[in-house]
Amino acid sequence: MSFFLEKNNLPCWGLTGGIGSGKSTVAKIWIKLQNISLIDIDSISHSLTAPGGDAIDAIAKNFGCEFIEQDTHSLNRTKMRQYVFGNSEARQKLESIIHPLIHQKVQQAVTDSAQHGYDAALLDIPLLVESGFWQHQLDAVIVVDCSVATQIQRVQARNQLSIEAIEAIIAAQATREQRLAMADVVIDNGETVTLASLEAAVQSAIACLTQRFQIPFKS
């Protein structure tokens, strides 16, 4: 995949973690504690196939209008998910439309962040490890970590999914060990972690990275 992120001397860090790890909570704490921009890859991706999204016309052209909701001019996510499941050629075709647009949006967000004087950009990337791509574009990887049992417990409480459904989602993601092997910084968000101790862990991670990249630490 030929994309190189121009960082404009702005440190770019990737934040990742498995489903139910509390990554979104960590991101909210982080932007409260440090002068950084948060770039949410999932939100960017969803915006591309939302009503009037930048990917809609290309998807209609390559897959057919039946994959587009005619009333909202958005992607029929259920139909597309069923179509690309187990169909690697279709999935690759969809990715060839979506990924370059994501890269453009991320590049613009990083450029804007540098111009607005942020100290760093934090890229929230749920499938950072799985992509095999993003880690090569980043200056550091932060992993929010917890046990699989804790993931299941949190997702059940949040989404009321069955244990089997949650286990299937976890099985489709990178393993805990794979994420930890890629981490420059690990933030423990296990079952016994309180909001106060999680905030302290985020502060510690910020202190580590700000020292490494010689940027201000807003304590």
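Residues numbered from 1 in each chain as written. Predicted model: local features only at pLDDT ≥ 70, side-chain atom pairs only at ≥ 80, totals over all residues. Heavy atoms only, no water.

- The protein is annotated in an unreviewed UniProt entry as Dephospho-CoA kinase of Lampropedia hyalina DSM 16112.
- Under the Subcellular location (unreviewed entry) heading, UniProt states for the protein: "Cytoplasm".
- Its UniProt record, at the heading Pathway (unreviewed entry), says of the protein: "Cofactor biosynthesis; coenzyme A biosynthesis; CoA from (R)-pantothenate: step 5/5." (UniProt positions renumbered as here; feature names shortened; annotations may be inferred.)

Details of the state of the cysteines
Inference 1: Under the definition given, this model contains zero disulfides.
Inference 2: Here cysteine 208 stays unpaired: no disulfide links it, and the sulfur of cysteine 12, its closest cysteine neighbor, is 17 Å away.
Inference 3: In this structure cysteine 208 comes out as partly exposed when scored by relative accessible area, which is 40%. (Disulfide = S-S within 2.5 Å. Buried < 20%, exposed > 50% of the residue type's maximum accessible area, 1.4 Å probe, protein only.)

What to know about the sheet that holds strand β5 (residues 120–124)
Inference 1: Strand order in the open sheet made by the five strands is β2-β5-β1-β6-β7, with parallel pairing throughout. The open sheet terminates on both sides in strands that have one partner only, identified here as β2 (36–40) and β7 (185–188). Mean inter-strand twist for the sheet, computed between neighbouring axes without regard to direction, equals 25°.
Inference 2: Bridging between strand β6 (residues 140–145) and β7 involves four bridges; their strand directions are parallel. Bridge assignment links valine 143 to a residue of β7, and that residue is valine 186.
Inference 3: Sheet strands touched by helix α1 (residues 23–33): β1 (12–16), β2, β5, β6 and β7. Its angle to β1, the strand with the most contacts, is close to 145°.
Inference 4: Helix α10 (residues 195–213) rests against β1, β6 and β7 of the sheet, and its axis sits at about 170° to β7. (Pairing = 2+ DSSP bridges. Helix = DSSP H or I, 4+ residues; strand = E, 2+ residues; numbered from the N terminus. Axes fitted to C-alpha atoms, helices over the stretch in contact; angles between N-to-C directions. Contact = heavy atoms within 4.5 Å.)

Description of the UniProt feature "binding site: ATP" (unreviewed entry) in the protein
Inference 1: Here, UniProt's "binding site: ATP" (unreviewed entry) annotation points to Gly20, Ser21, Gly22, Lys23, Ser24 and Thr25.
Inference 2: Inspection of the secondary structure puts glycine 20 in the loop between β1 and α1.
Inference 3: Residue glycine 20 is classed as buried on the basis of its relative accessible area, which comes to 9%.
Inference 4: If we skip the residues at most four places from it in the chain, glycine 20 touches Cys146, Gln151, Arg154, Val155 and Arg158.
Inference 5: With respect to the helices, strands and loops of the structure, serine 21 is situated in the loop between β1 and α1.
Inference 6: Residue contacts for serine 21: discarding those within four places in its chain leaves Val144, Cys146, Arg154 and Asn189.

Overview of the nonpolar core
Inference 1: Ile39, Ile59, Val106, Leu123 and Trp134 are the most contacted members of the largest nonpolar core, which totals 37 residues.
Inference 2: Among the secondary structure elements, those contributing two or more residues to this core are α2 (41–49), α3 (56–63), α4 (77–84), α5 (88–115), β5 and β6.
Inference 3: Of all the elements, α5 adds the most residues to this core, at nine residues.
Inference 4: Those residues within four positions of isoleucine 59 in sequence are excluded, and the remaining contacts are Thr49, Gly64, Ile68, Leu75, Met80, Leu94, Ile97 and Ile98.
Inference 5: Residues Ala27, Ala120, Ile142 and Val144 belong to the second largest nonpolar core, which totals 21 residues. (Core = buried A, V, L, I, M, F, W, Y, C linked by side-chain atoms within 4.5 Å.)

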